[in-house]
Amino acid sequence: MNLELQMIGTGSAFAKNYFNNNALLRDGAFTLLIDCGVTAPLALHRLGKSFEDVDAVLITHIHADHVGGLEELGFKMKFTYKRKIKLYIAETLTEILWEHTLKGGLYQEGEITCLEDLFEVCPLAPNKPYDISDHIRLELIPNRHIPGKNSYSLYINEKLFYSSDMVFDPELLERLVEQRGCRMIMHDCQLEGPGNVHTTLTELRSLPERIRGMTYLMHYGDNKDDFVGKTAGMTFMEQGRIYTV
Ligand SMILES: O=c1ccn([C@@H]2O[C@@H]3COP(=O)(O)O[C@H]3[C@H]2O)c(=O)[nH]1
Ligand SMILES: [Zn+2]
Ligand SMILES: [Zn+2]
């Protein structure tokens, strides 16, 4: 069965013309929110949606453009929608997400004292596939992003690689395509400058043509339009558009 992936935002962390690089992955009536950044509530609103439409959330790593909307999500689920959705997150990140990111805003004595008071927490081990709905099988692939910080890419249904945030790792991409049948790559793309914590367009342009042809670019800066036609066959993802996966 084909899935639908809709980018609710395609922007880099500090982009102003685009929302944070977060996505909705749909399997029939089941909707997974991939990352929940600061702009996620407004991005959903602009698409005529809200957190009410979300059945589960998955976090790739702890940066505000990926987790900054979780406080609103947690409060809305507890006090407005009165349900606990599943929170899929690497087992290495559960404690740090609560203790270092969410506790300050969400803690309420006797009401909200841990992540489990808000979410059905589903810790994921890396490099292991999980069936999270009837038709979504998902694996966390550890990547390199920030020194000393655990962060993860996603491999979905043995065909889609979703980088989230990572530095260039052509060996990983080639391994997925040549050995695991990957057919579609959604990759973060820093348009200019050295890629200290992200992958640059220049680096992506160096990939083999076969891989470039299946690569879709996301997490880009406000000046994306200046680079249209300069991507060596790779396609910029469009915010709000629904992609069949
Ligand atoms: O060594 C560093 C660490 C961070 N940053 C910026 O902070 C942002 C955090 O979210 P992000 O991971 O989407 O993008 C990151 C970059 O824009 C950087 O430029 N250099
Ligand atoms: Zn980011
Ligand atoms: Zn990041």
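Conventions adopted
- All residue numbers here refer to positions counted from 1 along the written sequence of the relevant chain.
- Here the convention is simple: chains get letters from A, ligands get numbers from 1, in the order in which they are written.
- Only residues with pLDDT of at least 70 are given local features in this predicted model, and only at 80 or more are side-chain atom pairs given and counted; all residues enter the totals for whole chains, interfaces and linings.
- The basis for every side-chain value is the complete set of heavy atoms in the structure, and neither hydrogens nor water enter the calculation.
- Sites may look incomplete because water is not among the atoms; the donors themselves are N, O and S atoms within 2.8 Å of the metal, or within 3.2 Å for Na, K and Ca.
- For the purposes of this entry, the term helix denotes a DSSP run of H or I that reaches at least four residues, the term strand denotes a run of E that reaches at least two, and both are numbered from the N terminus.
- Burial status follows relative accessibility: with a 1.4 Å probe on protein chains alone, a residue under 20% of its type maximum counts as buried, one over 50% as exposed, and anything between as partly exposed.
- Two strands pair if DSSP finds at least two bridges between them.
- Fitted lines through C-alpha atoms serve as axes, helices being fitted only where they are in contact, and the angles separating the N-to-C directions of these axes extend from 0 to 180 degrees.
- A contact between two residues is defined here by any heavy atoms of the two lying within 4.5 Å.
- Salt bridge, as used here: a side-chain nitrogen of Lys or Arg that lies within 4 Å of a carboxyl oxygen of Asp or Glu.
- For this purpose, a residue is taken to be near a molecule or strand whenever a single non-hydrogen atom of the residue falls within 4 Å of it.
- Here the accessible surface of atoms and residues is derived via Shrake-Rupley with a 1.4 Å probe, and residues count as covered only by protein chains that are part of the display.
- Classes in brief: Ala, Val, Leu, Ile, Met, Phe, Trp, Tyr, Cys and Pro nonpolar; Asp, Glu, Lys and Arg charged; the others, Gly included, polar.
- Note: the arc covers the axis-to-C-beta directions of the helix.

- Per an unreviewed UniProt entry, the chain carries the name MBL fold hydrolase and comes from Paenibacillus albilobatus.

A few points about the coordination of the zinc ion (ligand 3)
Then, number 1: Within the protein, His61 (NE2), His63 (ND1), His145 (NE2) and Asp165 (OD) serve as the donor atoms for the zinc ion (ligand 3), at 2.2 to 2.3 Å.
Then, number 2: Counting gaps between the donor residues of the zinc ion (ligand 3) yields the pattern H-x1-H-x81-H-x19-D.
Then, number 3: In this model, the zinc ion (ligand 3) sits 3.7 Å from the zinc ion (ligand 2), the two metals being bridged by aspartate 165. Pair noted here: histidine 145 is in the loop between strand S8 (137-143) and strand S9 (151-156) and aspartate 165 is in the loop between strand S10 (160-162) and helix H5 (170-180), with a separation of 20 residues, a long-range link. Comparing histidine 145 with aspartate 165, the two get one shared label, buried.

Looking at the sheet that holds strand S14 (residues 242-244)
Sheet strands line up and pair through hydrogen bonds in the backbone, either parallel or antiparallel.
Then, number 1: Overall, mixed pairing links the seven strands, which are arranged S6-S5-S4-S3-S2-S1-S14 in an open sheet. A single partner strand is all that each edge strand has here, and the edge strands are strand S6 (120-124) and S14. Put simply, the sheet's adjacent strands are angled 25° from each other on average, direction ignored.
Then, number 2: Bridge count for strand S5 (residues 86-90) against S6 is five bridges, and the pairing is parallel. Of the residues in S6, the one forming a bridge with tyrosine 88 is cysteine 122.
Then, number 3: Each of S5 and S6 touches helix H4 (residues 94-106); the most contacted strand, S5, lies at about 105° to it.

Describing the coordination of the zinc ion (ligand 2)
Put simply, the ideal angle at a metal is 109.5 degrees for four donors in tetrahedral geometry and 90 or 180 degrees for six donors in octahedral geometry.
Then, number 1: Distances from the zinc ion (ligand 2) to its protein donors, Asp65 (OD), His66 (NE2), Asp165 (OD) and His219 (NE2), fall at 2.0 to 2.2 Å.
Then, number 2: Each donor residue of the zinc ion (ligand 2) belongs to the same chain, and together they define the spacing D-H-x98-D-x53-H.
Then, number 3: Its relative accessible area of 3% is what places histidine 219 among the buried residues.

Quick notes on the side chain of threonine 199
Then, number 1: For threonine 199, the location among the structural elements is in the loop between strand S11 (184-188) and helix H6 (201-205).
Then, number 2: Beyond its immediate sequence surroundings of up to four residues, threonine 199 is in contact with Met166, Val167, Phe168, His187, Asp188, Cys189, Gln190 and Leu204.

As for the pattern of salt bridges
Then, number 1: For the structure shown, the criterion picks out nine salt bridges.
Then, number 2: With a shortest N-O distance of 3.6 Å, glutamate 111 and lysine 78 are connected by a salt bridge. Residue glutamate 111 is found in the loop between H4 and S6, and its partner lysine 78 is found in helix H3 (residues 70-81); the two are separated by 33 residues along the sequence.
Then, number 3: Looking at glutamate 111, the relative accessible area reads 38%, which means it is partly exposed.

Section: the site of ligand 1
Then, number 1: The environment of ligand 1 is formed by Ala13, Phe14, His63, Asp65, His145, Ile146, Asp165, Val197, His198 and His219.
Then, number 2: Its free accessible area being 420 Å², ligand 1 has 62% of it covered by the protein chains.
Then, number 3: Grouping the constituent residues of the shell around ligand 1 by class yields four nonpolar, four polar and two charged.

Remarks on H3
Then, number 1: For H3, the complete set of buried residues consists of Leu70, Leu73, Gly74, Met77 and Tyr81. Down the axis of H3, the buried set is contained in an arc of 120°. They therefore lie on one face.
Then, number 2: Check the buried side of H3 and you find it contacts strand S4 (56-59), helix H2 (64-67) and H4.
Then, number 3: Downstream of H3 by one or two residues, lysine 82 has phi in the positive range, about 50°.

Thoughts on the sheet that holds S8
Then, number 1: Across the sheet, which stays open at both edges, the seven strands sit in the order S7-S8-S9-S10-S11-S12-S13 with mixed pairing between neighbours. Edge strands, defined here as strands with exactly one partner in the open sheet, are strand S7 (130-131) and strand S13 (235-236).
Then, number 2: When S7 meets S8, the two strands line up antiparallel, connected through two bridges. Across the sheet, the residue bridging to tyrosine 130 is leucine 138, located in S8.

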